[in-house]
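Observations on chain architecture
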Amino acid sequence: MPSCILGLFSQNPAISITENVLHFKAQGHGAKGDNVYEFHLEFLDLVKPEPVYKLTQRQVNITVQKKVSQWWERLTKQEKRPLFLAPDFDRWLDESDAEMELRAKEEERLNKLRLESEGSPETLTNLRKGYLFMYNLVQFLGFSWIFVNLTVRFCILGKESFYDTFRTVADMMYFCQMLAVVETINAAIGVTTSPVLPSLIQLLGRNFILFIIFGTMEEMQNKAVVFFVFYLWSAVEIFRYSFYMLTCIDMDWKVLTWLRYTLWIPLYPLGCLAEAVSVIQSIPIFNETGRFSFTLPYPVKIKVRFSFFLQIYLIMIFLGLYINFRHLYKQRRRRYGQKKKKIH
């Protein structure tokens, strides 16, 4: 893109390009005083016929664009440079400089395209935080609805509210526990830094109680133990999910943080005890109905009762409690552990 800079002041210059020749004529003050100045410049190769100029008090800047972007051997068709034409060394580029500049621009363009296609780290972090915030918000609202519903019903109906807990809140508990699968997947694929095993143990344990013990046995659905299991689950989760939700937006509410790292100490053992009671109460019902029991094929022909697996599961409940308890204790110690005093 060649340009011409003229050291004169001009009013309404006449500038045009005809047959690859730049024509300039203007009234101005230069070396010859006030006079009409003009020149003609025939370019080496084809240029676009629409010159662009900028008029200042000291000069006229004329910009002429090449028709084909390529390197020219010289500016004008005539080999000898016109006397009035001088290079602007502030903007001078030789061929190697031009190639480096073009290469740098191309690399910048490719990097920009790559970042747009892959997404910048900041954008990915914001998307991850937004996704986790919405997940924790939905779970918080779901378990809050269960907790408030059970609390209000108990205040109004007293012990009578225990026996229709499943009919009242089971649908919401089904939804929250099915959605909890996402939490384990997040830990497995690295969306969150939580270890997979504690999350998986809690997911499988709760869903076994909800879908197998309560969900398949109508005789269990009207027992008081359902109230205590659901109430303890929701009491733990409303503080856990609200804490995670605020963490996603970089908020630290000290009271909520303390509750999140402390309430599990009494509530987790009580929740496991309530789950164990529900399993114990279901054993005679499964024995009586024969549900999920089966007989081994010939020649063994031994009937295996489902209650046998429930007795094994009772042991697994407390084993899972130990694993989760140890994990939560480590979290609390990292958060509130006493700093070692320096020995002078």
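See the structure shown above.
Residues numbered from 1 in each chain as written. Predicted model: local features only at pLDDT ≥ 70, side-chain atom pairs only at ≥ 80, totals over all residues. Heavy atoms only, no water.

1. Re a positive patch on the surface
On the surface, Arg-326, Lys-330, Arg-333 and Arg-334 cluster together to form a positively charged patch. Mapped onto the elements of the fold, Arg-326 is located in helix α10 (residues 306-336). With relative accessibility at 42%, the residue Arg-326 sits in the partly exposed group. (Patch = residues over 30% accessible without salt bridge, like charges linked within 9 Å, V, L, I, M, F, W, Y side chains within 5 Å. Areas by Shrake-Rupley, 256 points an atom, 1.4 Å probe, with all protein chains shown as cover. Salt bridge = Lys/Arg side-chain N within 4 Å of Asp/Glu carboxyl O. Lys, Arg positive; Asp, Glu negative; His and termini not counted. Charge placed at Lys NZ, Arg CZ, Asp CG, Glu CD. Helix = DSSP H or I, 4+ residues; strand = E, 2+ residues; numbered from the N terminus. Buried < 20%, exposed > 50% of the residue type's maximum accessible area, 1.4 Å probe, protein only.)

2. Here's the deal with the nonpolar core
Phe-166, Ile-209, Phe-214, Val-229 and Phe-230 are the most contacted members of the largest nonpolar core, which totals 47 residues. Broken down by element, the residue count for this core peaks at 11 residues, all from helix α7 (residues 225-248). Setting aside its immediate chain neighbours within four residues, Val-229 contacts Ile-209, Phe-214, Ala-274 and Glu-275. Listed in part, the 14 residues of the second largest apolar core include Ile-15, Phe-24, Phe-39 and Val-47. (Core = buried A, V, L, I, M, F, W, Y, C linked by side-chain atoms within 4.5 Å. Contact = heavy atoms within 4.5 Å.)

3. Some thoughts on helix α9 (residues 264-289)
Compared with the 38 Å implied by 1.5 Å per residue over 26 residues, the 36 Å span of α9 between its first and last C-alpha is a close match. Backbone geometry just after α9 places Gly-290 at a positive phi near 75°. (Expected span 1.5 Å × (residues − 1).)

Any link to function would need more than the numbers given here.
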